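Per-entry structural report
Single-letter residue listing:
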Amino acid sequence: MKPAPFTYHRAGSLAEAAEMAATLDNARLLSGGQSLMAMMNLRYVAVDHLIDLNPVAEIAGITIDGGRVTLGAMTRQRTVLEDAALAACCPILREALGFVGHVQTRNRGTVGGSLAHLDPAAELPGMAALLGAEITLTSQNGTRRVAMADYPLGYMTPDINGGEILTSLSFDAWPSGHGWDFREFAQRHGDFAMAGVGSLITLDANGCIDRAAVVLIGIDDGPVRPTDVEAMMIGEAPSDALFRAAGALIAERPMAGDALVTETYRQHLAGVLLRRSLANACVRASEPAHV
Ligand SMILES: Cc1cc2nc3c(=O)[nH]c(=O)nc-3n(C[C@@H](O)[C@H](O)[C@H](O)COP(=O)(O)OP(=O)(O)OC[C@H]3O[C@@H](n4cnc5c(N)ncnc54)[C@H](O)[C@@H]3O)c2cc1C
């Protein structure tokens, strides 16, 4: 299959890309191409202009400054998965990135492309929601920052205006010794998940949960942070009964069915994944600090 004809533009810098994005009609940005090229080949998307961000090195790379982590939009998913310093301060990213497609797709696929594509089951937007991240967008008019909580406007619809380029994702790392877990279920490894869960936990000196963050992917139009589940964890000692109660709460939540699974199946799956994810995050939080 071949895409409809288009004109290819190689952006040499962010400023050049922003100028092209502001002036070219019916244009799209090309990052890893792992979603866009397939959509163009299938003719779900037909563009007149393709603006290639691959040469724009200034928006690639990982910075860890104190506790603040910044991932440049053109950072490859493989780089996020393999970066040792990032794995030390935010181990859940390595665990989650292992589920993003395949080695070949991660070699090309980028942080920015995944966030802009915003598939409901995508792991990177899920991690951004879990970590309370902030997204930076750049255009000829300047820079705009959007909290990840406000960024999904609907199904595969990010808060990105015409002419804007997603340039980075930033978040505060959790304290040393926090517990983490990411898990998901898909028909085959590398497929988009039917449901996935990420958990971050810290325990106080008595072994009770004093901070909890949870995200679910694949169950709604975008990543879901269940504040009711997070709230019920606080002050509690980790226990099977607590995790089962959390799983039961999630399983009551309305979810969409699709060609692969019914709503009931997805609710059950999400509940089981959540229970197991919380349990493992608490075990890891109780172990000697990993950083
Ligand atoms: C076989 C296969 C399996 C996959 N499995 C998974 C999976 O399990 N989980 C998962 O999350 N993904 C999966 N993917 C998709 C993932 O590989 C893509 O990397 C990701 O969805 C898009 O990233 P990209 O860099 O390739 O972006 P592209 O495909 O280049 O772009 C995607 C969209 O984002 C826009 N865009 C790109 N960069 C920017 C930017 N900086 N600012 C604004 N807009 C931008 C583009 O215009 C386009 O609309 C899979 C892909 C394949 C082919």
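Keep in mind it's a predicted model, so treat the numbers as computed, not measured.

Moving on: the packing of aromatic side chains. In this structure the tally under the stated criterion is 1 aromatic pair. Above the plane of the ring of Trp174 lies Arg211, whose end atom (NZ or CZ) is 3.7 Å from the centre.

Where strand 2 (residues 27-30) meets strand 3 (residues 49-52), 4 bridges bridge the pair, whose relative direction is parallel. Each residue of the ladder has a partner; that of Leu29, found in strand 3, is Ile51. Regarding topology, helix 2 (residues 36-41) serves as the crossover connection from strand 2 to the parallel strand 3, and that connection is right-handed.

Put simply, helix 10 (residues 240-251) and helix 11 (residues 263-286) touch, their axes get as near as 8 Å, and they point 150° apart. Relative to helix 11, helix 10 is oriented roughly antiparallel. As helix 10 runs across helix 11, the sense of the crossing is right-handed. Facing helix 10, whose interface residues are Phe243, Arg244, Ala246, Gly247, Ile250 and Ala251, helix 11 presents Gln267, Ala270, Gly271, Leu274, Arg275, Leu278, Ala279 and Cys282. Classifying every residue of the contact of helix 10 with helix 11 by side-chain character gives 9 nonpolar, 3 polar and 2 charged.

Conventions used here
Residues numbered from 1 in each chain as written. Predicted model: local features only at pLDDT ≥ 70, side-chain atom pairs only at ≥ 80, totals over all residues. Heavy atoms only, no water. Phe/Tyr/Trp six-rings, centres within 6.5 Å; stacked < 30°, edge-to-face > 60°. Lys NZ or Arg CZ within 6 Å of the ring centre and 35° of its normal. Pairing = 2+ DSSP bridges. Helix = DSSP H or I, 4+ residues; strand = E, 2+ residues; numbered from the N terminus. Right-handed = clockwise from strand over helix to strand, strands pointing away. Axes fitted to C-alpha atoms, helices over the stretch in contact; angles between N-to-C directions. Parallel < 35°, antiparallel > 145°, perpendicular 65-115°, else oblique. Left-handed = near helix turned anticlockwise from the far one by under 90°. Contact = heavy atoms within 4.5 Å. Nonpolar A, V, L, I, M, F, W, Y, C, P; charged D, E, K, R; others polar.

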